[in-house]
Amino acid sequence: MNNHKNVLGEPLEICSREPVTGFTRSGECETGPQDPGSHTVCARMTREFLELSLARGNDLVTPQPEYGFPGLKPGDRWCLCAARWQEALEAGAAPRVALRATHERALEVVSLADLKSHALDLS
């Protein structure tokens, strides 16, 4: 069991195992020194975000089986780089976020208020 915390200060939950996500492909948006991109924001993909990401040079749609990457479609949950999510926010295309599966280190790049305004899991 890990001791990773989410942006709410609680134990970090799984983002997705189908498709399997995370920098280490554990299903969690954990991070560490080996992850310079800080893949810490658990987001539900939208067509708008995937198109923006592709236009900015990050193709998340095309499968790359040699890297175990299935390609993403709207509705999939994926651990995004915090800076990419912030960029999408500024472009008006930020996908919704699972706060309980978003690692606390995302707060080094994005604000909790912005994440909460796009939360999937706040009641």
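Residues numbered from 1 in each chain as written. Predicted model: local features only at pLDDT ≥ 70, side-chain atom pairs only at ≥ 80, totals over all residues. Heavy atoms only, no water.

The protein chain is annotated in an unreviewed UniProt entry as DUF2237 domain-containing protein of Thiocapsa marina 5811.

## Quick look at helix H1 (residues 47-55)
Among the residues of H1, Phe49, Leu50, Leu52 and Ser53 are the ones counted as buried. Considered in projection along H1, the buried side chains sweep an arc of 160 degrees and stay on one side of the axis. Across H1 from its buried face, at more than 90 degrees, point the exposed residues Arg47 and Ala55. Those residues of H1 hidden inside the fold are in contact with strand E2 (77-81) and helix H2 (82-90). (Buried < 20%, exposed > 50% of the residue type's maximum accessible area, 1.4 Å probe, protein only. Helix = DSSP H or I, 4+ residues; strand = E, 2+ residues; numbered from the N terminus. Arc of directions from axis to C-beta. Contact = heavy atoms within 4.5 Å.)

## A few points about the nonpolar core
If you look at the biggest cluster of nonpolar residues, it comprises 23 residues, and the most contacted ones within it are Val41, Met45, Leu80, Trp85 and Leu115. Contributing elements (two or more residues each) for this core: strand E1 (39-44), H1, E2 and H2. For methionine 45, the contacting residues outside a window of four places in its chain are Leu50, Leu72, Lys73, Pro74, Gly75, Asp76, Trp78 and Leu80. Formed by six residues, the second largest nonpolar core is a distinct cluster that contains Cys15, Cys29, Cys79 and Ala101. (Core = buried A, V, L, I, M, F, W, Y, C linked by side-chain atoms within 4.5 Å.)

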